[in-house]
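Below, each chain spelled out in residue letters.
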Amino acid sequence: MLPHQDEKEPTSYRGSCGSCPVTVRKMPYLGSEDVVKELKKALCNPHIQADRLRYRNVIQRVIRYMTQGLDMSGVFMEMVKASATVDIVQKKLVYLYMCTYAPLKPDLALLAINTLCKDCSDPNPMVRGLALRSMCSLRMPGVQEYIQQPILNGLRDKASYVRRVAVLGCAKMHNLHGDSEVDGALVNELYSLLRDQDPIVVVNCLRSLEEILKLEGGVVINKPIAHHLLNRMSKLDQWGQAEVLNFLLRYQPRSEEELFDILNLLDSFLKSSSPGVVMGATKLFLILAKKFPHVQTDVLVRVKGPLLAACSSESRELCFVALCHVRQILHSLPGHFSSHYKKFFCSYSEPHYIKLQKVEVLCELVNDENVQQVLEELRGYCTDVSADFAQAAIFAIGGIARTYTDQCVQILTELLGLRQEHITTVVVQTFRDLVWLCPQCTEAVCQALPGCEENIQDSEGKQALIWLLGVHGERIPNAPYVLEDFVENVKSETFPAVKMELLTALLRLFLSRPAECQDMLGRLLYYCIEEEKDMAVRDRGLFYYRLLLVGIDEVKRILCSPKSDPTLGLLEDPAERPVNSWASDFNTLVPVYGKAHWATISKCQGAERCGPELPKTSSFAASGPLIPEDNKEREQELPDSGALMLVPNRQLTADYFEKTWLSLKVAHQQVLPWRGEFHPDTLQMALQVVNIQTIAMSRAGTRPWKAYLSAQDDTGCLFLTELLLEPENSEMQISVKQNEARTETLNSFISVLETVIGTIEEIKS
Amino acid sequence: MISQFFILSSKGDPLIYKDFRGDSGGRDVAELFYRKLTGLPGDESPVVMVTTGGRRHHDGRHFIHIRHSSLYLVVTTSENVSPFSLLELLSRLATLLGDYCGSLGEGTISRNVALVYELLDEVLDYGYVQTTSTEMLRNFIQTEAVVSKPFSLFDLSSVGLFGAETQQSKVAPSSAASRPVLSSRSDQSQKNEVFLDVVERLSVLIASNGSLLKVDVQGEIRLKSFLPSGSEMRIGLTEEFCVGKSELRGYGPGIRVDEVSFHSSVNLDEFESHRILRLQPPQGELTVMRYQLSDDLPSPLPFRLFPSVQWDRGSGRLQVYLKLRCDLPSKREIPGERVSSARQACPKKAPSPAPSLSKLQPVSGAEQPRAEGRAGGGSPSLGPASGARRLSTLGPFPDGRPRAPRTSQPWALHLGPSSGSGPGQSLL
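Residues numbered from 1 in each chain as written. Chains lettered and ligands numbered in written order. Predicted model: local features only at pLDDT ≥ 70, side-chain atom pairs only at ≥ 80, totals over all residues. Heavy atoms only, no water.

Per an unreviewed UniProt entry, chain A carries the name AP complex subunit beta and comes from Macaca mulatta. Of chain A, the UniProt comment under Sequence similarities (unreviewed entry) reads exactly: "Belongs to the adaptor complexes large subunit family." (UniProt positions renumbered as here; feature names shortened; annotations may be inferred.)

Below, the structure is given as structure tokens:
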């Protein structure tokens, strides 16, 4: 029935899209003129216009080219003509076209308004809805005056389909205006439509109000509205339910009784078959019950089933998101998924990013009962074909080793026996970190090391090995000979970092085994000073040379630092976080990106949106919704800290903190009296209010209790602080380090710190 | 709130592109997405991606996508939305498009551009979900699906030698269910058909001595209904069906699952007493029930695995044979099956960490691979499962000093339908 040529597309365009990157930019635009001309002719052809199917077919071709990215705005006039038809499929296609190109051809689009307005009073509700929706989606200036009346009529239409469209049309109209002027009558009308019979109209009203009132903080959920929504919940479909649950987050129940009534009403949604609704309900429970930790724990137990089901779902994407949320929960409740550890074993066919997440989860849920099985499983991953995954598994074992040292060191030692380059280098790096944090395993590590130098080629691995040989060389019989090999080959060494490490290690080893090292140390120093091209290495060599001239005692004093520091483990694994610290992030993109990554994303967005107003450098930034009321009151009590402006949300990584901490000298030390009980969480929150971040702290009740804090002021000056609480002496020792020596800011920082600690102590006692 | 939705082919060509809010920089977002996706390092997750830096309009835009039948379904948003809901929406859209177009694929989408846009128009307005129920949507969808029936050799396989009845001719062809729900209005001969698939995924870890280390069964009952909507359906499960570890029903060993969840449209009034699910299915595909079972299987596995490891000292080669024997009655059929070996018995001193899976291939004695199942997917399907199959792998040891393989090394097998569903078999 159709001429063949009408359906056929010029094959050259399809072929050019994608397969040939050079032509992809040029081809469509070069060729599109001919296509437009041809289509224009076809659209004007009265024979085609007379044949409904052929006409529709040509329009479909226009749409198809539009999707492929060809500029089809040339046939706008002809398409406007095509919109005056009784064929509803054709109408839909033409309206789709118009919505796409209206911003480019606003004058021509105005010609279509007439047809659209006529359609808005069509007896068929589907046509009315379609016309209204399309008219509101014409994103061009000047269309507002034409759409206002149809929208108002649509809000009172008897067909729910038209009302749905009209309600969202209000939001579209408001956003087209571009200014913040809010039409009060319209808002009132929308609020009253919250009582509409149709559930989708109700949800659309919420969405529309949220957009219109964005600048005033969004739609207001007061008690009648909240209760009305709660009662309508069962009538909504899953998308509506998920959305309403999200809106209900901003409702604060007046009394405890009301709170528990709401929770009881929502109970059934925790069992929904849609993961979106289950997670939405979970989040609402967590937020509403923020003062009832047992309710929160109970909800997290109940969400375990749906989360685990999502973790083993067929959809990898869903599985990944669920795993991210499992990790989030594990941060607060470490034992939560321990009995289900088998669910997190990787299967061969899973993609990389899921396997890595699972390994992380395994690492976090390990306990006395399952450690054997988990380690056995992880050991299997270490020989995986994918080097990245194998290395991640080895690092995971290294992480578990901080608690279960002996078993893990044994597994790692066995892995060295495989003599695989990519395995050995990671194992040695793991050993280096482990020896620093868990000195008890030094002996085992020293026995395992001989022989691995043959299998290490990369810079990181070499550095780790050399460091171990230098620091613990007196326990490794052949340490000098291994280092000697490195010294022999130093000329062909490509990484300056390895050379620096070698210098330090050899000098350290020289202190404990001078006879074996003296000769090669001389050779190395000679090479570094005379032949080395890298400035840093040469300077380091010169430095050590001059140091040696001063005398061996001076060298010892400078180089013989402690070989391990178990307390630094605190920096590596942060304390358990309270559920309330992440409840507002649950069921959002934050756990999926990871908190650190999210912070950088939102910082970029914030800077972009608010322009020069941000960052707010007030010393007390607006506190988040999670900080309890009693902390907010304290803001007024705190003295104005004058010149000091602490920057909010300046989160340092633990690594960076550790490095900076070790490199700086104590600028100020002070002892404060401290009596009675101590609640680290309260302190952390209070410090957050004044923009002092907690990097790491001991668990409550540990003695002595330690915490590491950081803060930065608007000039970029860093304040690093260590709090040391010794209950026996009933005093708290504060040591502050500063990266720029400036006394006045230091003093004001200390006074802020003192005030916070003082206030907390007052509350406790 | 969704800003844009687009469907890309596996090569990155845009098949469908719709901008709901006009707040983005334009359509090169699709290209940007594909560039980001292909440029990802291996350890980064592709599920959510964000655009930062560069042009102002793209900043802070999140891409969330799923991959479905080699297509990318992508939404972009600039808000911090619920990832669960969005992923659910995407997979619901994939099902919907499959329902309306017959099946989901590059070909069907580009043949039905008008239909897909019409659907999107009704499902999403200004980036907000309106409805996804097939029932409500069918009132608004006017375009008819363009279906093409590619010639397939499998259709011939149902005709036996000399016209004799083959086994396949007793059951409906596997492609029977892949047609649009809304059959054309002129076509009066619409059959009232219901397809009920039980799809189970078994992940099993077997030690080399044959004992099971880990069993995980994920099952679901999928229903594809072509019945006029409103017709009630009752699905009876066996009365000995127990949920949870403690429940006990009937006298026999019973059939037990750990956890079960139902679609919200299932009426469970008679489930407790008679194990009957009552529902009024909408037209189209629907997952009626999902269940999970791990560790203690109430019945033996439907297959057995016989591994054998031989080390030829002369050539320094290690030969690993995996023989898989399926104990299902021959009248049952597994549409497609994948066997992947998670770990090779790798000697400790092996020069490469594990012989790669690509060396696994069926050796003589195995039947010809035959792809069945609806979509006839491209996964390494190894044919129907009844009977034995043998896989082998060879690992050369150039240094000539392999150690004895560790006998305790477990084998992991993953068995499941390769794609889609089909008349599967079940432990139920």
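A. The arrangement of the overall build of chain A in detail. Counting secondary structure elements, chain A contains 39 helices and 5 strands. Considering only contacts in chain A between residues 6 or more positions apart, those separated by 24 or more positions represent 66%. When the accessible surface of chain A is totalled, it reaches about 34100 Å², and 52% of it is carbon and sulfur. (Helix = DSSP H or I, 4+ residues; strand = E, 2+ residues; numbered from the N terminus. Contact = heavy atoms within 4.5 Å. Areas by Shrake-Rupley, 256 points an atom, 1.4 Å probe, with all protein chains shown as cover.)

B. Here's a closer look at empty space enclosed by the protein. As enumerated under the stated definition, the model contains 7 cavities of 30 Å³ or more in all. Computed from the structure, the second largest cavity encloses a volume of approximately 90 Å³. Lining of the second largest cavity is provided by Arg133, Tyr161, Arg164 and Val165 of chain A together with Glu122, Asp125, Gln130, Thr131, Leu137 and Phe140 of chain B. If one sorts the elements of the lining of the second largest cavity by residue count, helix 11 (residues 160-177) of chain A sits on top with 3 residues. (1 Å grid on protein atoms, 1.4 Å probe; cavity = no way out; pocket = protein on both sides within 12 Å on 5 of 7 lines; lining within 4 Å. Points joined across faces, edges and corners; volume = space filled by probe spheres on them.)

C. Representation of the packing of helix 28 (residues 479-488) of chain A against helix 29 (residues 496-512) of chain A. Residue and element names in this part refer to chain A. Contact pair helix 28 / helix 29: the axes reach a minimum separation of 11 Å and the direction vectors enclose 145°. Crossing of helix 28 over helix 29 shows left-handed handedness. Contacts from Ala479, Pro480, Leu483, Phe486 and Val487 of helix 28 reach helix 29 at Leu502, Leu506 and Leu509. Per-class residue counts for the contact of helix 28 with helix 29 are 8 nonpolar, no polar and no charged. (Axes fitted to C-alpha atoms, helices over the stretch in contact; angles between N-to-C directions. Left-handed = near helix turned anticlockwise from the far one by under 90°. Nonpolar A, V, L, I, M, F, W, Y, C, P; charged D, E, K, R; others polar.)

D. Broad picture of the interface of chain B and chain A. Residue-level contacts link 91 residues of chain B with 85 residues of chain A. Summing the contributions of chain B and of chain A, the shared interface buries around 7200 Å²; its carbon and sulfur component is 55%. Summed over the shared surface of chain B and chain A, the result is 8 salt bridges. Salt-bridge contacts for aspartate 121 of chain B lead to arginine 133 of chain A; the nearest nitrogen and oxygen are separated by 3.3 Å. Our count for the chain B to chain A interface comes out at 24 residue pairs in polar contact (both at pLDDT 80 or more). (Buried area = accessible area lost by both parts, 1.4 Å probe. Salt bridge = Lys/Arg side-chain N within 4 Å of Asp/Glu carboxyl O. Polar contact = N/O pair within 3.5 Å; in protein donor to acceptor, adjacent residues only side chain to side chain.)

E. Spotlight on the packing of aromatic side chains. Taken as a whole, this structure holds 22 aromatic pairs over all chains when the rule is applied. Measuring from ring centre to ring centre gives 4.3 Å for tyrosine 161 of chain A and phenylalanine 140 of chain B, while their planes differ by 20°; the resulting arrangement is stacked. Of this pair, tyrosine 161 of chain A sits in helix 11 while phenylalanine 140 of chain B sits in the loop between helix 5 (134-137) and helix 6 (153-156), which puts the two residues in different chains. For phenylalanine 140 of chain B, a relative accessible area of 14% translates into the label buried. Judged by centre distance (5.0 Å) and plane angle (70°), the rings of phenylalanine 262 of chain B and phenylalanine 271 of chain B are edge-to-face. Relative accessible area serves as the criterion here: at 6%, phenylalanine 271 of chain B is assigned to the buried category. Taken together, Phe6, Tyr17, Phe33, Tyr34, Phe63 and Tyr72 of chain B form an aromatic cluster joined through their ring pairs. (Phe/Tyr/Trp six-rings, centres within 6.5 Å; stacked < 30°, edge-to-face > 60°. Buried < 20%, exposed > 50% of the residue type's maximum accessible area, 1.4 Å probe, protein only.)

F. Spotlight on the nonpolar core. All names here are of chain A. With 256 residues, the main nonpolar core has Met72, Tyr97 and Phe344 as its most contacted residues. Once residues within four sequence positions are removed from consideration, tyrosine 97 is found in contact with Val62, Ile63, Met66, Met72, Ser73, Gly74, Val75, Phe76 and Met79. By size, the runner-up hydrophobic cluster in this structure holds 28 residues, among which are Ala686, Leu709, Ile734 and Val736. (Core = buried A, V, L, I, M, F, W, Y, C linked by side-chain atoms within 4.5 Å.)

G. Representation of helix 15 (residues 238-248) of chain A within the structure. Across the 11 residues of helix 15 of chain A, 8 count as buried, placing the element largely inside the fold. Looking at the buried residues of helix 15 of chain A, the elements they touch are helix 13 (199-212), helix 14 (223-232), helix 16 (256-266) and helix 17 (275-288) of chain A together with helix 2 (83-101) and strand 7 (128-129) of chain B.

H. Seen up close, the sheet that holds strand 3 (residues 705-712) of chain A. Residues and elements named next belong to chain A. Within the open sheet, the 5 strands sit side by side as 1-5-4-3-2. Their pairing is antiparallel. Bordering the open sheet on either side are strand 1 (666-673) and strand 2 (693-697), each of which pairs with just one other strand. Adjacent strand axes in the sheet meet at a mean angle of 20°, parallel and antiparallel pairs treated alike. Inspection of the sheet shows strand 3 paired to strand 4 (residues 718-726) by 8 bridges, in the antiparallel sense. The residue bridging tryptophan 705 from the neighbouring strand is leucine 725, located in strand 4. Along the sheet face, helix 37 (residues 654-663) touches strand 2, strand 3, strand 4 and strand 5 (731-738) and points at about 85° away from the line of strand 4. Contacting strand 2, strand 3 and strand 4, helix 38 (residues 680-689) crosses the sheet at an angle of about 155° to strand 2. (Pairing = 2+ DSSP bridges.)

I. Local environment of the confidence of the model for chain A. Averaged over every residue, the pLDDT of chain A is 82; the share at 70 or more is 87%. The model gives residues 1-30 of chain A a pLDDT under 50, and that stretch makes 34 contacts with residues more than four places away or in other chains. (pLDDT = per-residue confidence, 0-100.)

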